[in-house]
Structures are given as C-alpha cells and as structure tokens.
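So the chains spell out like this:
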Amino acid sequence: MKRSELVITAPGPAGIDPAALTREQLLGWRCALCGTLLTGDRPLGTVTLSQGPTLTTYPLWACDPNCATEHAWRAAIGHAAGCEACRTGECVTGQRLLDAYSAAFRQEHEGGAG
Ligand SMILES: [Zn+2]
Ligand SMILES: [Zn+2]
C-alpha cells in the first residue's frame, strides 16, 4: 500500500470537503461541487493542500451559473443531439427537458423566494 497523504491546511469553501476532491477537480477541469466537466465556470474560492513539505493552493471552479442549471442544459442538448423528433420540433421529451432548463435558469436568476 502506497502512502500519499494529503493534509488539508485550510478549510475549503462552504460545502466542499477538500479531501474528497479529485485531481481533475483540483486542476479546474471539473466542477468542485458535482464533478461535471466544466465548460463555463465560476470561481468558488481556494483550498490549500500539503503533500510533505509542499503547500499547494488550488483555485476551485464550479458550474456556471449553477450545477442544477448546467445539468438541465446538458440533458436538453444531449437528448436533442441524438433525437430525430427534436429536429422537427415535435418532441415531447425534448420540450420537457428545455422546460426544465428554463425553470432552473429562472430560479437561478430570481434567487429563490424573495
Ligand atoms: Zn457543478
Ligand atoms: Zn427529442
């Protein structure tokens, strides 16, 4: 068994467990919150990890504008890309996914209740 321990020297941004982050998340390839491959991203803050004597601070990134909206958008375009019915605009599933995206987008911009 190899020992390569990461010691967390500073707490991460709220809701993030630095010890649970993958290398891809630390390098900013994937969302630090949900692990989705990032296209648009927003800064979340930084975590500092130590490996032996070396301290490294990693900036963390997350889905933009947020994970729920990003997932809804990906679901919609992922479906439409392989769907014949969507090309003619008569696809119930495609419409439902787009509606879900619109709802998530609106919710994000309204900031919830209030
Ligand atoms: Zn995310
Ligand atoms: Zn479709």
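A few points on the structure. (Residues numbered from 1 in each chain as written. Chains lettered and ligands numbered in written order. Predicted model: local features only at pLDDT ≥ 70, side-chain atom pairs only at ≥ 80, totals over all residues. Heavy atoms only, no water.)

**As for the packing of aromatic side chains**
Considering all chains together, one arrives at 2 aromatic pairs under this definition. Taking 4.9 Å as the distance between ring centres and 45° as the angle between the ring planes, the aromatic pair formed by tryptophan 73 and tyrosine 101 counts as tilted. Here tyrosine 101 lies in helix H4 (residues 92-110) and tryptophan 73 lies in helix H2 (residues 67-81), a separation of 28 residues in the sequence. Aromatic pair tyrosine 101 and phenylalanine 105: ring centres 5.9 Å apart, planes at 45°, arrangement tilted. One end of the pair is tyrosine 101 and the other is phenylalanine 105, both in helix H4 and 4 residues apart, which spans about a single turn. (Phe/Tyr/Trp six-rings, centres within 6.5 Å; stacked < 30°, edge-to-face > 60°. Helix = DSSP H or I, 4+ residues; strand = E, 2+ residues; numbered from the N terminus.)

**Description of the coordination of the zinc ion (ligand 2)**
The coordination sphere of the zinc ion (ligand 2) contains the protein donors His79 (NE2), Cys83 (SG), Cys86 (SG) and Cys91 (SG), at a distance range of 2.0 to 2.4 Å. Around the zinc ion (ligand 2), the 4 donor atoms sit at angles spanning 105 to 115°, and that spread fits a shape best called tetrahedral. Read in sequence order, the donor residues for the zinc ion (ligand 2) give the motif H-x3-C-x2-C-x4-C. For cysteine 86, a relative accessible area of 22% corresponds to the partly exposed category. (Donors = N, O, S within 2.8 Å, 3.2 Å for Na, K, Ca; no water. Tetrahedral: all angles 85-135°; square planar, octahedral: opposite > 155°, others 65-115°. Buried < 20%, exposed > 50% of the residue type's maximum accessible area, 1.4 Å probe, protein only.)

**As for the coordination of the zinc ion (ligand 1)**
The coordination sphere of the zinc ion (ligand 1) contains the protein donors Cys31 (SG), Cys34 (SG), Cys63 (SG) and Cys67 (SG), at a distance range of 2.2 to 2.4 Å. Coordination at the zinc ion (ligand 1) is tetrahedral, judged from the 4 donor atoms that bind it and the angles of 105 to 119° they form at the metal. Along the chain, the residues donating to the zinc ion (ligand 1) are arranged with the sequence spacing C-x2-C-x28-C-x3-C. With a gap of 32 residues between them, cysteine 31 in the loop between helix H1 (23-26) and strand E2 (41-51) and cysteine 63 in strand E3 (residues 54-63) connect regions that are remote in the sequence. Owing to a relative accessible area of 0%, cysteine 31 belongs among the buried residues under this scheme.

**Thoughts on H4**
In this model, H4 (19 residues) spans 27 Å end to end at C-alpha, consistent with the 27 Å of a helix rising 1.5 Å per residue. Within H4, the full set of buried residues consists of Gly94, Leu97 and Ala104. End-on, the buried residues of H4 take up no more than an arc of 90°, which puts them together on one face. Exposed side chains of H4 directed beyond 90 degrees from the buried face belong to Val92, Arg96, Gln107, His109 and Glu110. Its buried side turned inward, H4 meets H2 and helix H3 (84-87). (Expected span 1.5 Å × (residues − 1). Arc of directions from axis to C-beta. Contact = heavy atoms within 4.5 Å.)

**Let's talk about unusual backbone geometry**
Omega for the bond connecting aspartate 64 with proline 65 falls within 30 degrees of zero, at 0°, which places this linkage in the cis form. Relative to the helices and strands, proline 65 is located in the loop between E3 and H2.

**What about the pattern of salt bridges?**
One pass over the structure, following the stated rule, counts 3 salt bridges. Salt-bridge contacts for glutamate 24 lead to arginine 30; the nearest nitrogen and oxygen are separated by 2.5 Å. With relative accessibility at 30%, the residue glutamate 24 sits in the partly exposed group. Among the residues examined, arginine 30 registers a relative accessible area of 25% and is labelled partly exposed. Two residues, glutamate 84 and arginine 87, come together in a salt bridge whose shortest N-O distance is 3.4 Å. Of the two residues, glutamate 84 and arginine 87 are both situated in helix H3; the distance of 3 residues between them amounts to about one turn of the helix. Each member of the pair, glutamate 84 as well as arginine 87, carries the same accessibility label: exposed. (Salt bridge = Lys/Arg side-chain N within 4 Å of Asp/Glu carboxyl O.)

So far we have only geometry, and geometry alone does not tell us how the molecule works.
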